[in-house]
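# Overview (structure and organization)
The chain contents come next:
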Amino acid sequence: MDRRAFLSSAAGVFALTQTLKSNEQELKKNGKSAILLWMGGGPSTMDIWDLKPDSPTGGPFRPIPTSGDVEICEHMPMMAKQMHNMAIIRSMSTREADHTRGRYYMHTGYTPNPSIKHPSYGSVISKQLENENIKIPQFVSVNGGSMGAGFLGAEYAPFLVNSDGRVKNLDIKIDARFYKRMQYLDMLENNFIKSNRGLLPREHQKVLKKTLDVLTSKQMDAMKVANEPEAVKERYGDNGFGKGCLMARRLVEVGIPFIEVGLGGWDNHQNIFPTLKDTRLPVLDRGMSALVEDLEQRGLLKDTVVIWMGEFSRTPQINANVGRDHWAASWSVVVGGGGMNGGISVGSTSEDGKSVEGIAYSSQDIMASVCNALNISLKTTFTSNNGRPMKIANSGRIIKELFAGL
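Now for a quick tour of the structure. (Residues numbered from 1 in each chain as written. Predicted model: local features only at pLDDT ≥ 70, side-chain atom pairs only at ≥ 80, totals over all residues. Heavy atoms only, no water.)

Another point: the environment of A222. Within the fold, A222 resides in the loop between α6 (200-216) and α7 (230-236). When its relative accessible area of 7% is taken as the criterion, A222 is described as buried. The contacts of A222, once residues within four sequence positions are left out, are M247, R250, L251 and V254. (Helix = DSSP H or I, 4+ residues; strand = E, 2+ residues; numbered from the N terminus. Buried < 20%, exposed > 50% of the residue type's maximum accessible area, 1.4 Å probe, protein only. Contact = heavy atoms within 4.5 Å.)

Encoded structure:
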């Protein structure tokens, strides 16, 4: 092959490579996001989303009508106005009623395995929707530890912040002195890399550069919820969960693919009804309803999936301490946005709430449905660190009622 032919061929290969790369980037810039509202401790869904007022197991709360074709708890009046946007999956049935195992399973779709660490849904989705125009981490966890990236690696691990946007151990003043010191450090690292000391120095430099990009990016302003008008902050609630929901909306506007907002305090083995009425439900109602309403009004909800869930629910049977214990056999998860059908319930439970009637759904099925709403192919397969192929959503089923035409 002569020089001209070689150059022509090389140019063609380069052009094809760039086209394929461009197509991949367009897929990752499809503007989709997901927000997981994580209820740590296991909330009693029978007292929130699937009430049984005529059953001895039902408790004192009454159902109220909503803007959708469902009823929910009387202590969720603001969220009742947003239920046309949300669907209640009332026939969840999962196996893990232990906090640690349930948290792992509901975040990954897999039961814990000592030989492998599975990636959380946040890590999977942020990888699939990764946008290289975003300089800050693309999986942000507010008010909680979430679950890690497993075999996908630290690049897709959750970035932990509190509800005021502060990052632990990163309280650094960005000024001229800081930039000067970074220049000196970069020069030292370059010299070290040139001395052929292996891959570690180069990898360290990449991590350092990414950290610098995070610290100096204007996109970090999305975490500064204090900049919002007082009326907006009041509507979300002056508490960690309300601020976290407000931050989630701001991060979606920037283009972050996955945000998790934590609200704990649901492990109610005693005095469950005053705890829910006076503390947990008012906080949940205000923050969640403001988030869904804002996403809809700003035209963001059609491209943003909202998921509400915990690691399991509470027993239908009320115990001797007027509480409910761990229960995974029959409970509810709430989803909405991303083009999914709202204002509906999917599946049901028996009159006493102790069993699922009809099709039972799993963590994998929720994830498969979320991926479908985000235009992520369910044929996607990852390779674990022990060489095993693993399908996205652990081969879960799409919940057909959530989508028109399925």
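One pass over the structure, following the stated rule, counts three aromatic pairs. Look at W49 and W308: their rings are 5.3 Å apart centre to centre, the planes differ by 75°, and that puts the pair in the edge-to-face class. With W49 in the loop between β1 (33-38) and β2 (63-65) and W308 in strand β8 (residues 304-309), this residue pair connects regions lying 259 residues apart in the sequence. A single burial state applies to W49 and to W308, both of which are buried. A ring pair is formed by F139 and F258, whose centres lie 5.3 Å apart and whose planes are at 85°; its orientation type is edge-to-face. One end of the pair, F139, is in strand β5 (residues 139-142); the other, F258, is in strand β7 (residues 258-262), with 119 residues separating them in the sequence. Each member of the pair, F139 as well as F258, carries the same accessibility label: buried. (Phe/Tyr/Trp six-rings, centres within 6.5 Å; stacked < 30°, edge-to-face > 60°.)

Moving on: helix α3 (residues 99-108). Looking only at α3, the buried set comprises G102, Y104, Y105, M106, H107 and T108. The backbone nitrogen of T100 has a side-chain oxygen 3.1 Å away, supplied by the residue at the start of α3, namely D98. Just past α3, the residue G109 takes up positive phi, approximately 85°. (Polar contact = N/O pair within 3.5 Å; in protein donor to acceptor, adjacent residues only side chain to side chain.)

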